[in-house]
Amino acid sequence: MLEQYLPFVGLIIFGNIENLVLSSQGVVAGVNPVKLGIVSILCVSMWLIVGTFATQMLIEYVDFIDFIGGLAIFILGLQAMFKSIRGE
């Protein structure tokens, strides 16, 4: 069963790291941690459901999905670094 997810392993790992970065930004910004945790769990659950069903349908586009997902993670990471460097 896990073989179908192997092409997405990098995206899964770096996506989870980015989720941690975005969550920490929310805490630093003063967002209510309970609300942030609930929303984060809801989003992760939604993406788990979407990813489980969409993987089977879109496996032929794995390279494109990896590129777009990696680019989004890279841009969000840069944004987080710039904000933390400026002290926002």
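Residues numbered from 1 in each chain as written. Predicted model: local features only at pLDDT ≥ 70, side-chain atom pairs only at ≥ 80, totals over all residues. Heavy atoms only, no water.

**Q** Any chance you could explain helix H3 (residues 62-86) here in plain terms?
**A** Residue pairs three or four apart in sequence face the same way in an α-helix, which turns once every 3.6 residues. Between its first and last C-alpha atoms H3 spans 36 Å; for 25 residues at 1.5 Å apiece the expected length is 36 Å, and the two agree. Within H3 the residues assigned to the buried category are Val 62, Gly 69, Ile 73, Gly 77 and Ala 80. Elements in contact with the buried residues of H3: helix H1 (9-28) and helix H2 (33-58). (Helix = DSSP H or I, 4+ residues; strand = E, 2+ residues; numbered from the N terminus. Expected span 1.5 Å × (residues − 1). Buried < 20%, exposed > 50% of the residue type's maximum accessible area, 1.4 Å probe, protein only. Contact = heavy atoms within 4.5 Å.)

**Q** Whenever I open this one, the packing of H1 against H3 confuses me. Can you help?
**A** Two quantities define a packed helix pair, namely the angle between the helix axes and the distance between the axes. Between H1 and H3, the shortest axis-to-axis distance is 10 Å and the interhelical angle comes to 25°. Considered as vectors, H1 and H3 are oriented roughly parallel to each other. Seen from above, H1 lies across H3 with left-handed handedness. Contacts from Leu 11, Phe 14, Gly 15, Glu 18, Val 21, Leu 22 and Gln 25 of H1 reach H3 at Ile 65, Asp 66, Gly 69, Gly 70, Ile 73, Leu 76, Gly 77, Gln 79, Ala 80 and Lys 83. Class assignment of the residues belonging to the contact of H1 with H3 gives a composition of eight nonpolar, six polar and three charged. (Axes fitted to C-alpha atoms, helices over the stretch in contact; angles between N-to-C directions. Parallel < 35°, antiparallel > 145°, perpendicular 65-115°, else oblique. Left-handed = near helix turned anticlockwise from the far one by under 90°. Nonpolar A, V, L, I, M, F, W, Y, C, P; charged D, E, K, R; others polar.)

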